[in-house]
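Each chain, written out:
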Amino acid sequence: MLVAGHYYTLKVNRISDYGLYLADEDGNEVLLPNRYVSVDYKPGISLEVFVYHDSEDRLVATTERPLATVGQTACLKVVDKTVHGAFLDWGLPAKDLFLPNRNQSSRLDIGKKYPVYLYTDNITGRVVATTYLKGFINNVELTVSPREEVDILIATETPIGFRVVINDRHWGMIYRNQIFQPVAVGDRMKAYIVRITDDNRVDLALQGQGYDEVKKSAERLLEILRENGNALPVNDDSKPEKIRQLTRMSKKTFKRSAGYLMKQGKIAMDGQQIRLTESD
C-alpha cells in the first residue's frame, strides 16, 4: 500500500496519456504526471518518488523533493489563508501543505515562517501540518547521549539562544555564547549534545568536542587564512569578540586549533597576527 507523505522506489509499470504509472512490488500503482516525466523513463526502470494527494484528492507521485515529509519538523512559510485553515509553502510547486484551523496554536500571518510537524490525518489520509509540537516532540524518553552528533532544526529564538528540535523527536537548547556562525529560525544543521540534565533538558553546541573536532576546526582555520591573504590580525591574546568575528570560533576553539597547527609547523604567530608558514 502506498501512503501519502513518504518516498518510494517504484518501477515504471505502464504508459498513459497522463503520464507514467509506477508500481511497487505488490502491484500498487500511482501516477507520475507528464510534467515530471523524462524521455529516459522507460518501462522497467526504477525511480525514487515522493507520493502525495493532489488538489483533486488523487494519490500522485513527483520526482521533486518537499521541504519535509511525514514525521519531520520544518519551518514553513504561510502563503495563503482560508476560513478552513492556512496553506504553507511545502517546496512543491504544484502543492501547498494544509494547516487546519484546529492545528493552529496562535494567529498566523501570511509571509511568515512557523515551526510545524507533519503527520498523516487518520480520517482523510492526507498529509497535514500542526503547530502543536508538544504532542510529537518531547523529552520524556531521550534517544540521544552526550557528545553525540545529531540533526537539528532551529525552531524558535529566545533571549538566551535558540530552541531546537533534535532528530525530529526531542527539544534542545543552544545558548548564544555557544554560537559562532550565522543562525536563523528554520535552519537545519548538525549539532552536538553537550549536556543532559537530570530533568532531561538537552544543551547543544554547533561545534563538537575532542581531538577529531580540533582537527576539523584547524582545517577551517587554514581555509580562512588562505581566503584572507594567508594571515589574520588575531592571536591568543585577542578579545573573544574579535576572534569570533574573524574565525567564527570561540576563543577556546581558536587557541586549540592554532596550537595544533603551530605544532605541525603550518602557521606562526607574529606580533598581533597569525600567518601561514611558507611550508604550508
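Everything below is about the structure shown above.
Residues numbered from 1 in each chain as written. Predicted model: local features only at pLDDT ≥ 70, side-chain atom pairs only at ≥ 80, totals over all residues. Heavy atoms only, no water.

Undergrad: Got a minute to help me understand the overall build of the chain in this structure?
TA: If you tally the helices and strands in the chain, you get three helices and 18 strands. At 24 Å, the chain has a C-alpha radius of gyration far larger than the 19 Å of a compact globule built from 280 residues. Across its three principal directions, the C-alpha atoms of the chain cover 75 × 45 × 35 Å. Going through the 280 residues of the chain one by one, you find that 43% of them count as buried. Within the chain, residue pairs in contact and separated by at least 24 positions form 54% of the contacts whose partners lie at least 6 positions apart. (Helix = DSSP H or I, 4+ residues; strand = E, 2+ residues; numbered from the N terminus. Rg over C-alpha atoms; globule rule 2.2 N^0.38 Å. Buried < 20%, exposed > 50% of the residue type's maximum accessible area, 1.4 Å probe, protein only. Contact = heavy atoms within 4.5 Å.)

Undergrad: Is there a simple way to explain the environment of Gln 72 in this structure?
TA: Note that Gln 72 resides in the loop between β5 (59-62) and β6 (73-81). Here Gln 72 falls in the partly exposed class, since its relative accessible area comes to 26%. Of note is the side chain of Gln 72, whose polar atom sits 2.9 Å from the backbone nitrogen of Thr 69. (Polar contact = N/O pair within 3.5 Å; in protein donor to acceptor, adjacent residues only side chain to side chain.)

Undergrad: Which parts of the structure should I look at to understand helix α3 (residues 251-263)?
TA: An α-helix turns once every 3.6 residues. As a result, residues three or four positions apart point the same way. The terminal C-alpha atoms of α3 lie 18 Å apart, and with 13 residues this matches the ideal 18 Å at 1.5 Å per residue to within 8%. Within α3, the full set of buried residues consists of Thr 253, Phe 254, Ser 257, Ala 258, Tyr 260 and Leu 261. Relative to the axis of α3, the buried residues are bounded by an arc of 160 degrees and lie together on one face. Away from its buried face by more than 90 degrees, α3 exposes Lys 252 and Lys 263. (Expected span 1.5 Å × (residues − 1). Arc of directions from axis to C-beta.)

Undergrad: When you look at the side chain of Thr 73 in this model, what are you seeing that I'm missing?
TA: Here Thr 73 is to be found in strand β6. Among the polar contacts made by the side chain of Thr 73, one reaches the side chain of Asp 168 at a distance of 2.8 Å. Setting aside residues up to four positions removed in sequence, Thr 73 forms contacts with Ala 68, Val 116, Tyr 117, Ile 137, Leu 153, Val 165, Asp 168 and Arg 188.

Undergrad: I'm lost on the sheet that holds strand β18 (residues 273-276) in this one. Help?
TA: Whether parallel or antiparallel, the strands of a sheet pair through hydrogen bonds between backbone atoms. Read across the open sheet, the three strands follow the order β16-β18-β17; overall the sheet is antiparallel. For this open sheet the edge positions go to β16 (231-232) and β17 (267-270), each flanked by a neighbour on one side alone. Bridge analysis of β16 against β18 gives two bridges, and the strand direction is antiparallel. Each residue of the ladder has a partner; that of Ala 231, found in β18, is Arg 275. (Pairing = 2+ DSSP bridges.)

Undergrad: Explanation requested: the pairing of strand β8 (residues 95-100) in the structure shown.
TA: The side chains of a regular strand alternate, residue by residue, between the two faces of the sheet. Inspection of the sheet shows strand β7 (residues 85-92) paired to β8 by five bridges, in the antiparallel sense. Of the residues in β8, the one forming a bridge with Leu 88 is Leu 97. Taking the residues that link successive antiparallel strands as the turn, the β7-β8 hairpin has two residues.

Undergrad: Is there a simple way to explain the environment of Ala 68 in this structure?
TA: Looking at the element boundaries, Ala 68 is found in the loop between β5 and β6. The exposure class assigned to Ala 68 is buried, which follows from its relative accessible area of 1%. Between the C-alpha atoms of Ala 68 and Val 116, which are 48 residues apart in sequence, the distance is 9.8 Å. Aside from chain neighbours lying at most four places away, what touches Ala 68 is Thr 73, Ala 74, Trp 90 and Leu 118.

Undergrad: Quick question: what am I supposed to make of the packing of aromatic side chains here?
TA: Each aromatic ring pair is summarised here by two numbers: the centre-to-centre distance and the angle between the ring planes. Under the counting rule described, the total for this entry stands at six aromatic pairs. Relative to Trp 90, the ring of Phe 50 lies with its centre 5.6 Å away and its plane at 85 degrees, an arrangement referred to as edge-to-face. Of the two residues, Phe 50 is situated in strand β4 (residues 46-53) and Trp 90 in strand β7; the sequence distance between them amounts to 40 residues. Measuring from centroid to centroid gives 5.2 Å for Phe 87 and Phe 98, while their planes differ by 40 degrees, and the two rings are tilted. Residue Phe 87 is found in strand β7, and its partner Phe 98 is found in strand β8; the two are separated by 11 residues along the sequence. In this structure Phe 98 comes out as partly exposed when scored by relative accessible area, which is 24%. Chaining the aromatic ring pairs together yields one cluster made of Tyr 7, Phe 50, Tyr 52 and Trp 90. When the ring centre of Tyr 21 is taken as reference, the NZ or CZ atom of Arg 14 above it lies at 4.0 Å. Over the ring of Trp 171 we find Arg 163; its NZ or CZ atom is 3.8 Å from the centre of that ring. (Phe/Tyr/Trp six-rings, centres within 6.5 Å; stacked < 30°, edge-to-face > 60°. Lys NZ or Arg CZ within 6 Å of the ring centre and 35° of its normal.)

Taken by themselves, the reported measurements are silent on function.
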